[in-house]
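Listed below are the residues making up each chain.
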Amino acid sequence: MTASTGKTAFKHEALYTALRTEIGATLRPHDPLPSERELVARFGVSRATVRQAVGRLEEEGLVYRSQGAGTFVADPSTISKSLALTSFSEDMRSRRLTPDSRLLDLTLVPAGVTVARDLSLSPGAEVAHVRRLRLADGLPMCVEEVWLPTERIGGLDAGTVAGSLYDALAGRGVQPHHADQVISATVVDADQAALLGVAPYSPALRVDRITYTEAGVAVERAESMYRADRYDFRITVTRRT
Ligand code: GLP
């Protein structure tokens, strides 16, 4: 370990411990955690260190993130076991289906306002926009659009996204670790309908995901539109005793 990484690890540990203490002592369930900016100023640490410490608290179920609203103190009585973060390929294989992809678009674009906000990038920073039709046993399952910050994941080419994107990222040392995900009911537009082989306005399950590394660095923003007649979201739930 170099002197600088040692110092960073120490700062992260110190901040993590301070926040844990604060959660136990002064903050109540559902209280907002101080913002990233406040923590940077108060503890004299970098944003990356703040993200790492808060990411660890989140992993331990002590805080939860609400997309666009911030990070809040978790209510210990409602902390639930988090679900496994899977890629499309893993998800399909677990259903005994063979995953495949058809690349529709791969371009480097400046991040728009929403993508920049969700990925904590400066507006206009370069992102790779990848649009793929995802297939299961050769049949269209979903249209998936992802935005990836090239400054964090490196360059992309068609070969990289021909198979599993998560495998490709892991191969570069960028391991998807956890994600904020919203699942909602919607309908497909004419373009998505043509790709999915359904009538326009057919029902779809939309999955929005922001994916982070273990250190809490956002590496992907994704929007997936699944055919509602082919896909359902499956979870195992346990009754509290
Ligand atoms: C799911 C997620 C996407 C992610 C994809 C990666 O579909 N919703 O956010 O990009 O998995 O899948 P794969 O590794 O098979 O390309």
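The protein is annotated in an unreviewed UniProt entry as GntR family transcriptional regulator of Micromonospora auratinigra.

Attention shifts here to the site of the ligand. Taken together, 15 residues surround the ligand, and among them Ser87, Phe88, Ser89, Ser164 and Ala222 come closest. When the residues that make up the shell around the ligand are grouped by side-chain class, the tally is seven nonpolar, four polar and four charged.

Attention now goes to the sheet that holds strand S7 (residues 203-212). Strand order in this open sheet of six strands is S3-S4-S5-S8-S7-S6, and the pairing throughout is antiparallel. For this open sheet the edge positions go to strand S3 (99-110) and strand S6 (178-187), each flanked by a neighbour on one side alone. Within the sheet, the average angular offset between the axes of one strand and its neighbour, ignoring direction, is 15°. Pairing analysis gives 10 bridges linking strand S4 (residues 126-136) to strand S5 (residues 139-149), with the strands arranged antiparallel. Residue pairing for S5: Arg132 is matched across the bridge by Glu144.

Time to look at the confidence of the model for the protein. For the protein, per-residue confidence averages 89 on the pLDDT scale, and residues scoring 70 or more make up 92% of the total. Confidence, expressed as mean pLDDT per element, reaches its minimum in the protein at helix H1 (residues 3-25) with 75 and its maximum at helix H8 (residues 190-196) with 98. Predicted as a complex, the structure gets a pTM of 0.69 and an ipTM equal to 0.99.

Membership of the largest hydrophobic core comes to 19 residues, with the highest contact counts inside it found for Ala111, Leu119, Val127, Trp147, Leu148 and Val219. Among the secondary structure elements, those contributing two or more residues to this core are S4, S5, helix H7 (165-171), S7 and strand S8 (218-227). Here Val219 is in contact with Leu148, Pro149, Arg152, Ile153, Leu169, Val174, Pro176, Thr211, Tyr212 and Thr213, once residues within four sequence places are set aside. Counting 12 residues, the second largest nonpolar core, distinct from the first, contains Met92, Cys142, Val188 and Val207.

One non-glycine residue, Arg96, lies in the positive phi region at around 60°. Mapped onto the elements, Arg96 comes out in the loop between helix H4 (88-94) and S3. Residue classification places Arg96 among the exposed residues on the basis of 8 C-beta atoms within 10 Å. Its identity is not glycine, yet Ser120 carries a phi of approximately 50°, on the positive side. Topologically, Ser120 is positioned in the loop between helix H5 (113-118) and S4. Judged by the 16 C-beta atoms lying within 10 Å of it, Ser120 is partly exposed.

Cut-off values and rules
- Residues numbered from 1 in each chain as written.
- Predicted model: local features only at pLDDT ≥ 70, side-chain atom pairs only at ≥ 80, totals over all residues.
- Near = placed C-beta within 6 Å.
- Nonpolar A, V, L, I, M, F, W, Y, C, P; charged D, E, K, R; others polar.
- Pairing = 2+ DSSP bridges.
- Helix = DSSP H or I, 4+ residues; strand = E, 2+ residues; numbered from the N terminus.
- Axes fitted to C-alpha atoms, helices over the stretch in contact; angles between N-to-C directions.
- pLDDT = per-residue confidence, 0-100.
- Core = buried A, V, L, I, M, F, W, Y, C linked by C-beta atoms within 7 Å.
- Buried ≥ 20, exposed ≤ 12 C-beta atoms within 10 Å, placed from the backbone.
- Contact = placed C-beta atoms within 7 Å.

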